[in-house]
Amino acid sequence: MSASAASGNEVRGDRAADGTPLLEVRDLVVHHGQLMALDAISLRVLPGEVYAIIGANGAGKSTLLRTIAGLHHPTSGSVLYDGKDVTGLRPERRATQGIVMVPEGRRLFGSLSVEENLKVGATYARQGPWTMERVYEMFGWMRERRNQPTAQLSGGEQQAVAIGRALVANPRVLMLDELSLGLAPVVVQRIYGMLPQILGTGLTVLLVEQDVSQALRVASHIQCLLEGRTTLEGKPSDVTADQVEAAYFGLAGTAASPAGEESEA
Amino acid sequence: MAWVNAIIQGILTGGLYALFACGLSLMFGVMKVVNLAHGDLAVVAGYIAIGVITVTHVPVLWSFVIVVPIMAVLGYVLQRTLIQSALDRSVLTTLLVTFGLSVVIENGLLQFFTANSRGIGANLALVTGAFTIGSQISIAYLLLLIFAVAVAVLLGLQYFLSRSKYGRLIRAVADDKEAAQLAGADYRHVFGIAAAVAFATVALGGIAFGMYSDLDPTTGTDTILLFAFAAVVIGGLGSLWGTLLGGIAFGMYSDLDPTTGTDTILLFAFAAVVIGGLGSLWGTLLGGIVLGVAQQIGAQINISDELLAGYIVFLIVLVLRPQGLISRGVQSS
């Protein structure tokens, strides 16, 4: 951690001057076996913002979130939270310190009821504004159905429980991994519609989204990944649709590697 | 009347088997660990009870107050060290490690306590006494007590799993270890708690068996573990693959010379059957009862058929209802 100040110059634009980041990733390299999933990724998430990572399948978005959550070990690079290096910390310790992730595919506890899922989330909670009561207020239907097994809920309802389970832990950084996956557009809209309420309690959100238009709509800052590298970053208002498209698919003119055989769109 | 007697004796004996089986079932359900040292640990608990009674002169029945916490702590420590490090490698490694533990315990007991068998409280009226109903049915106080303890333990386990904070965490971790970590739970600690609970039931099983019969260093594998597995399987679990593996292993067993480590192969057969599914707690009790009744009825026909009858029922269940009599789910909800 000796070269702490030097890595700031990787960040483009005026972000370095915007203040102290709550969460910072420096030159993160992650391998899945022989395969390099992330190649020197850096990012700075400022307090109170919605930071969106976009990119195609296999770009390394989920790997990035999972590494920040502590579920993958990086080959090199570091994760800093509130100024402290948390790279070596176990996932459960990061969660209790305030980095909480809603995992891809919701991952609810299938043999537990809705309320029990929330109770597990609240077991090691920090002090803060979020309680089960508040979650029930935000998702009106949930209180009545709190004793149902989660398998009986629709996909959107399950996603709401997964978000509720993360919120009751009172995170400072809430990480959302592919909220829209497998959900109808209307449901996705409704869930993202909750974001202002969540941000209103002082949270910072780092999200991964394949649905680019959705991400552009909610984010205050976006970063596009392609094959483990950053191809574009900036404020949604500062980037053009063409730039995003080029960065997403790795077309010529971007900083990305040659287009390659990107078969999945 | 003799048949009615056999059925009653079988049901009561089933309580003992359920006591053996519930810890095995819990550890498998939560950690996916098939603890092949399960029976030997029950014997260890029995020997600790004998030691505690001899040294402190506590009443025989109260020895559990000391033995259960000792075994619970041992369970937590073993899980956090030996079993967890095996789990970190692979689930199959836990089979090897617990099998090794079983061998070490058995030989350690032989070394320190010789092969002589001992009982617990053999001179107590409770252990030897019985009351009769009519002229043919004689019910041992001890068996009735063990059955009551088994039911109480299962009720307690069910309450613990469904209502308490750690019970909830245990179910959450059994469902999805990683999601539990993201909720701030250290699953290794939760595994430790589950092992402590399982070992507490093992302690009761060991003491009960020491009073019911005699303990010697080989009792654990030869008797307790076999009955525990059979009870778990008959009671209910849920995988076709497990059944297939079990069938293959059983085939191997019957083809081999019975003198070459049959115990081991039979054990692995049961272990293979258990892999891939988990019996419900009440399925465990039912499994124990079915096994007990089958054995008693077998003995009624011919005394040498006692064990055989148990395994025939085991095989019939495996063929006709491989998911067990009651399938799946740690909690009943």
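Coordinates for the structure precede this section.
Just so we're clear, the structure is a prediction, and the values are computed from it rather than from any experiment.

S.K.: Tell me about helix α9 (residues 187–212) of chain B, and please be specific about residues and values.
M.R.: All names here are of chain B. In this model α9 runs 37 Å from its N-terminal to its C-terminal C-alpha over 26 residues, within 8% of the 38 Å that 1.5 Å per residue would give. Burial analysis of α9 places 22 of its 26 residues in the buried class, which makes it a mostly covered element. In this structure D186 caps α9, since a side-chain oxygen of it lies 3.1 Å from the backbone nitrogen of R188.

S.K.: Which residues make up the interface of chain B and chain A, and what are the values?
M.R.: Across the contact, 21 residues belong to chain B and 23 residues belong to chain A. Per-residue buried area on chain B facing chain A is highest for R168, E178 and L182 of chain B; these three make up 31% of the total on that side. Summed over the shared surface of chain B and chain A, the number is five salt bridges. Residue R107 of chain A is joined to E178 of chain B by a salt bridge in which the shortest nitrogen-to-oxygen separation is 3.2 Å. One can count seven residue pairs in polar contact (both at pLDDT 80 or more) joining chain B with chain A. At the level of secondary structure, the elements contributing two or more residues to the side of chain B that touches chain A comprise α7 (165–175), α8 (177–182) and α9 of chain B.

S.K.: Which residues make up the nonpolar core, and what values go with them?
M.R.: Ranked by size, the top nonpolar core spans 77 residues in total, and within it M31, L41, M71 and I120 of chain B carry the most contacts. Among the elements that take part in this core, α9 of chain B stands out by supplying 16 residues, more than any other. In contact with L41 of chain B, not counting residues within four places along its chain, are N35, M71, L74, L78, I105, F199 and V202 of chain B. One finds V100, V212, C224 and L232 of chain A within the second-largest nonpolar core, a separate group that totals 48 residues.

S.K.: Just give me the short version of the packing of helix α6 (residues 141–163) of chain B against α9 of chain B, but keep the residues and values in it.
M.R.: Residues and elements named next belong to chain B. Contact geometry for α6 and α9: axes closest at 10 Å, N-to-C directions at 175°. Here α6 is positioned roughly antiparallel relative to α9, judged by the angle of their axes. Here α6 contributes L142, L143, I146, V149, V153, L157 and F160 to the contact with α9, which in turn contributes I193, V197, T201, L204, A208, M211 and Y212. Class assignment for the residues of the contact of α6 with α9 results in 13 nonpolar, one polar and no charged.

S.K.: I'd like a rundown of the packing of aromatic side chains, residues and numbers included.
M.R.: Within this structure, the stated rule accounts for seven aromatic pairs over all chains. Look at Y47 of chain B and F113 of chain B: their rings are 4.7 Å apart centre to centre, the planes differ by 35°, and that puts the pair in the tilted class. Taken together, the residues span a long stretch of sequence, with Y47 of chain B in helix α2 (residues 38–56) and F113 of chain B in helix α4 (residues 91–113) at a distance of 66 residues. Accessibility expressed as a relative area gives 5% for Y47 of chain B, which makes it buried. The rings of F20, F209 and Y212 of chain B are connected pair by pair, giving a single aromatic cluster. The ring of F109 of chain A has R165 of chain A lying over it, and the distance from NZ or CZ to the ring centre is 4.7 Å. Positioned above the aromatic ring of F28 of chain B, the side-chain terminus of K32 of chain B is 5.9 Å from the ring centre.

S.K.: Quick rundown of the sheet that holds strand β1 (residues 23–32) of chain A? Include the residues and the values.
M.R.: All names here are of chain A. A sheet is described by the order of its strands in space; here four strands give the open sequence β2-β1-β4-β5, paired in antiparallel fashion. Taken across any chain shown, the strands that pair with only one partner, and hence form the sheet edges, are β2 (35–45) and β5 (84–85). Sheet topology note: the β1/β2 ladder contains seven bridges and is antiparallel. Following the sheet pairing, E24 is matched in β2 by R44. Each of β1, β2 and β4 (76–81) touches helix α1 (residues 61–69); the most contacted strand, β1, lies at about 115° to it.

S.K.: Requested: an account of the pattern of salt bridges, with residues and values cited.
M.R.: Residue and element names in this part refer to chain A. All told, the structure shown has 15 salt bridges over all chains when counted by the stated rule. Here R90 ties to E92 by a salt bridge, and the two come within 2.8 Å at their closest N and O atoms. The exposure class of R90 is partly exposed, given its relative accessible area of 29%. Residue E92 is classed as buried on the basis of its relative accessible area, which comes to 4%. Across the pair E133 and R143 runs a salt bridge whose closest N-O atoms are separated by 2.9 Å. Residue E133 is located in helix α4 (residues 132–138), and its partner R143 is located in the loop between α4 and α5 (155–167); the two are separated by 10 residues in the primary sequence. In this structure E133 comes out as partly exposed when scored by relative accessible area, which is 39%.

How each quantity is defined
- Residues numbered from 1 in each chain as written.
- Chains lettered and ligands numbered in written order.
- Predicted model: local features only at pLDDT ≥ 70, side-chain atom pairs only at ≥ 80, totals over all residues.
- Heavy atoms only, no water.
- Helix = DSSP H or I, 4+ residues; strand = E, 2+ residues; numbered from the N terminus.
- Expected span 1.5 Å × (residues − 1).
- Buried < 20%, exposed > 50% of the residue type's maximum accessible area, 1.4 Å probe, protein only.
- Polar contact = N/O pair within 3.5 Å; in protein donor to acceptor, adjacent residues only side chain to side chain.
- Contact = heavy atoms within 4.5 Å.
- Buried area = accessible area lost by both parts, 1.4 Å probe.
- Salt bridge = Lys/Arg side-chain N within 4 Å of Asp/Glu carboxyl O.
- Core = buried A, V, L, I, M, F, W, Y, C linked by side-chain atoms within 4.5 Å.
- Axes fitted to C-alpha atoms, helices over the stretch in contact; angles between N-to-C directions.
- Parallel < 35°, antiparallel > 145°, perpendicular 65-115°, else oblique.
- Nonpolar A, V, L, I, M, F, W, Y, C, P; charged D, E, K, R; others polar.
- Phe/Tyr/Trp six-rings, centres within 6.5 Å; stacked < 30°, edge-to-face > 60°.
- Lys NZ or Arg CZ within 6 Å of the ring centre and 35° of its normal.
- Pairing = 2+ DSSP bridges.

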